[in-house]
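Given next are the chains, with one letter for each unit.
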Amino acid sequence: MRVTSLGFRTDLMVRRLAGSTIIDREHHLVVRTESNPGFWWGNFLLLRRPLEIGDAARVRELFATELPVTTKLAIGIDGTSDDVSVTGEVEALGVEVFRDVVLTAEKVAAPVSPPRGPTAPLTTDADWIDLGELRDACQGPPAGPADERFRALRMAEERGLVENGCAAWFGAREDAQLVSALGIVSDGSGVARYQSVETHPDHRRRGHAG
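All of these numbers come straight from a predicted model, not from anything done at the bench.

What counts and what doesn't
- Residue indices follow the written sequence of each chain, beginning from 1 at its first position.
- Two thresholds apply to this predicted model, a pLDDT of at least 70 for residue-level local features and 80 or more for giving and counting side-chain atom pairs, whereas whole-chain, interface and lining totals are computed over all residues.
- Neither water nor hydrogens contribute to the side-chain values; these are computed over all heavy atoms in the structure.
- Runs of E in the DSSP output that reach at least two residues are strands. Runs of H or I that reach at least four are helices, and both are numbered from the N terminus.
- Helix span is expected to be 1.5 Å times the residue number reduced by one.
- Burial classes: relative accessible area under 20% of the type maximum marks a residue as buried, over 50% as exposed, and values in between as partly exposed (1.4 Å probe, protein chains only).
- Polar contacts, as counted here, are pairs of nitrogen or oxygen atoms within 3.5 Å of one another; within protein the pair requires one atom able to donate a hydrogen and one able to accept it, and residues that are adjacent in sequence qualify only if both atoms are side-chain atoms.
- When a carboxyl oxygen of Asp or Glu lies within 4 Å of a side-chain nitrogen of Lys or Arg, that pair is called a salt bridge.
- At least two bridges found by DSSP between two strands is the condition for calling them paired.
- Structural elements are reduced to axes, namely lines fitted to C-alpha atoms, with helices fitted over the stretch in contact, and the angle between N-to-C directions of any two is expressed from 0 to 180 degrees.
- Contacts between residues were defined by any pair of non-hydrogen atoms, one from each residue, lying within 4.5 Å.
- Grouping buried Ala, Val, Leu, Ile, Met, Phe, Trp, Tyr and Cys residues that are joined through side-chain atoms within 4.5 Å yields what is termed a nonpolar core.

(A) Highlighting helix α1 (residues 6-17). Here α1 contains 12 residues, and its C-alpha end-to-end distance of 16 Å stays within 8% of the 16 Å for a straight helix at 1.5 Å per residue. When we look at burial in α1, the residues that qualify are Gly-7, Phe-8, Thr-10, Leu-12, Met-13, Val-14 and Arg-15. The distance from a side-chain oxygen at the start of α1 to the backbone nitrogen of Gly-7 is 3.2 Å, and the residue carrying that oxygen is Ser-5. Phi turns positive one or two residues past the end of α1, at Gly-19, with a value near 95 degrees.

What follows is the structure, encoded as structure tokens:
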């Protein structure tokens, strides 16, 4: 299956680098992240086209067959336009619909307002602990043990990408506090993806993520 969306193409790139299994069924892709079954967008089906009449039951059965240990139904639809309508078939699946806007650039430029504090790669255990605290400030504390486990596994995956040379994570500090962070991931093909651009709610609009 040829994927047209740069958003999904780079999603899949990150999944491959992280060790997920991606199976091409010609009309859809199966993405499995066995190491983190609670990661919804690490365990999903990517469809080549929108759902048509009669597809809902087939897609639900397909998901149960391809991802039997995943309880959250997650389905992506490839494409580069926003004209995918919420049909009765989508409503029959009982899913919440998100339309992602993917920002792309052919080159990068220096920020208009450089960060006020020092920026540096995140490399030490203390750095990654700080990143976890930043995320809790941005997202709120974990909703329960399952969410806490999911977050820990995601961070372990990200740190593994850094240690394998496939990614780098950077942080901006103010008075020694980590107030903003982001990752960038690439497979060396000339395409890279920003990941998890986060700024503490009390430190936003100061240019930290620039």
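(B) Molecular detail of the pattern of salt bridges. Scanning the model with the defined rule gives 17 salt bridges in all. The residue Arg-58 makes a salt bridge to Asp-55 at a minimum N-O spacing of 3.5 Å. Of this pair, Arg-58 and Asp-55 both sit in helix α2 (residues 55-66), 3 residues apart, which is roughly one turn of the helix. By relative accessible area, Arg-58 is classed as partly exposed at 42%.

(C) Inspection of the sheet that holds strand β5 (residues 119-121) at higher detail. The strand order across the open sheet formed by 4 strands is β5-β6-β7-β8, and the pairing between neighbours is antiparallel. One side of each edge strand has no neighbouring strand; the edge strands of this open sheet are β5 and β8 (192-199). Direction aside, the axes of adjacent strands within the sheet are offset by 20 degrees on average. Of the strand pairs in this sheet, β5 and strand β6 (residues 167-174) are connected by 3 bridges, and their pairing is antiparallel. Across the sheet, the residue bridging to Pro-121 is Phe-170, located in β6. Helix α5 (residues 145-163) contacts β6 and β8 of the sheet and is inclined by roughly 110 degrees relative to β6.

(D) Focus on unusual backbone geometry. We note that Asp-175 has phi near 55 degrees; this positive angle belongs to a residue other than glycine. Of note, Asp-175 is situated in the loop between β6 and β7 (177-186). On the accessibility criterion, Asp-175 (76% relative accessible area) is exposed. With a phi angle near 50 degrees, Ser-196 is a residue other than glycine that sits in the positive phi range. As for its placement among the helices and strands, Ser-196 is situated in strand β8.

(E) Summary view of the nonpolar core. Of all hydrophobic cores here, the largest spans 14 residues; its most connected members are Leu-122, Trp-128, Leu-131 and Trp-169. Of all the elements in the fold, those that place two or more residues in this core are α1, α4 (125-139), α5, β6 and β7. Not counting residues up to four positions away in its chain, the partners in contact with Trp-128 are Leu-122, Thr-123, Met-155, Glu-158, Arg-159, Val-162 and Trp-169. Leu-45, Leu-47, Phe-63 and Leu-73 belong to the second-largest nonpolar core, a separate cluster that totals 12 residues.

(F) Layout of the side chain of Asp-127. By the element assignment, Asp-127 lies in helix α4. Asp-127 gets classed as buried once you look at its relative accessible area, which sits at 13%. Those residues within four positions of Asp-127 in sequence are excluded, and the remaining contacts are Pro-121, Leu-122, Arg-173 and Leu-178.

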